[in-house]
Amino acid sequence: MLKTDQDALVQATLAGDPQAFQTLIEPHAPGVYGLALQITRNPVEAEEVLQDAMLTAYSRLSTFRGASSFKTWLYRVATNAALMRLRKAKRAPESLPEDWEKPADPRPWTGDPEAWFAREEFRQILNQALDSLPEIYRTTFWLRDVEGLSNQEVAEIMGLTLPAVKSRILRARLHLRDQLAPYFEERLRDAS
Amino acid sequence: MHHDPGHDCSHLKEALADYLDGDLDTELCRELHAHLKDCHPCRVVVDSTRQTIRFFSQERPVQLPPEVQRRLQETLKTRILPPEEP
């Protein structure tokens, strides 16, 4: 969606055209749902977050100043809605150990990565690895490496400084690497 | 694991975030490349971390399940849209 189209839809919504709001949010709904799934890891809660986020976005649209993209603003609204839900459920924030230790003798990953993409098992392995990440790292990683947002956009959405975002993303990437390594190193052993 | 007198493996962690994002200063990037050339464990970690990012970045985008889409539209219709003309 072009920024001019987006701006026009925002203005039309504020002028009282709810249909414009539907058009405005439609391309972002799958992304918001995906983000909510990453935070809650629960499809029912993710749907409730999606609805909460869209209703909040509608009622607070006048606070959108256009300094960031509408997508970034909407994702921030959704993140807040999801985190509020976690807090209500009194789910304590988890963390990763302070320091990441480089494996003493890491083995190269071999096999044909392309062939893995087609396998259902591969998707389960990725999901299990994501599950093992504490929420604060998982969400940051998802926004950056799956959604493809910039570090700056992730910082705006998460309400973090740029160095904090970079630190979280690196920790997440290294943790996921460590989780996936046995599968790919196993392939090496299988092949040998 | 000190393969280069000027650069031990601890530099990797400090520089890795910017290196993976292609944001590392040119001089530091050159130094890290020199270290990676000689340090097999660090090279494996960098390569496998890149592969990890690639795996996730190529994941299929999340699709909105049709029933979730339908319920969202219903919610918006009842909560924000004006009633239809009779």
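Worth saying up front: this structure is predicted, and the values here are computed from it rather than measured. (Residues numbered from 1 in each chain as written. Chains lettered and ligands numbered in written order. Predicted model: local features only at pLDDT ≥ 70, side-chain atom pairs only at ≥ 80, totals over all residues. Heavy atoms only, no water.)

Engineer: Please clarify how helix 7 (residues 120-131) of chain A should be interpreted in this entry.
Structural biologist: At 3.6 residues per turn, the α-helix brings residues three or four places apart onto the same side. Residues and elements named next belong to chain A. If you check helix 7, its first and last C-alpha atoms are 17 Å apart, about what twelve residues at 1.5 Å a residue would give, namely 16 Å. Where helix 7 is concerned, the buried positions are Phe-122, Arg-123, Ile-125, Leu-126, Ala-129 and Leu-130. End-on view of helix 7: buried residues confined to an arc of 160°, all on one side of the axis. (Helix = DSSP H or I, 4+ residues; strand = E, 2+ residues; numbered from the N terminus. Expected span 1.5 Å × (residues − 1). Buried < 20%, exposed > 50% of the residue type's maximum accessible area, 1.4 Å probe, protein only. Arc of directions from axis to C-beta.)

Engineer: What am I meant to see in the interface of chain A and chain B here?
Structural biologist: By a widespread convention, an interface's size corresponds to the accessible area lost as its parts come together. At the interface, 47 residues of chain A touch 42 residues of chain B. For the chain A and chain B pair, buried surface summed over both sides reaches about 4000 Å², with 69% attributable to carbon and sulfur atoms. Contact with chain B buries surface across chain A, with Leu55(A), Lys102(A) and Arg173(A) losing the most and accounting together for 15% of the total. Taking the shortest distance from any N to any O, the salt bridge between Arg71(B) and Glu47(A) comes out at 2.6 Å. Per element, the largest residue contribution to the side of chain A that touches chain B is eight residues, and it comes from helix 10 (residues 162-191) of chain A. Tallied by class, residues from the side of chain A that touches chain B come to 31 nonpolar, five polar and eleven charged. (Contact = heavy atoms within 4.5 Å. Buried area = accessible area lost by both parts, 1.4 Å probe. Salt bridge = Lys/Arg side-chain N within 4 Å of Asp/Glu carboxyl O. Nonpolar A, V, L, I, M, F, W, Y, C, P; charged D, E, K, R; others polar.)

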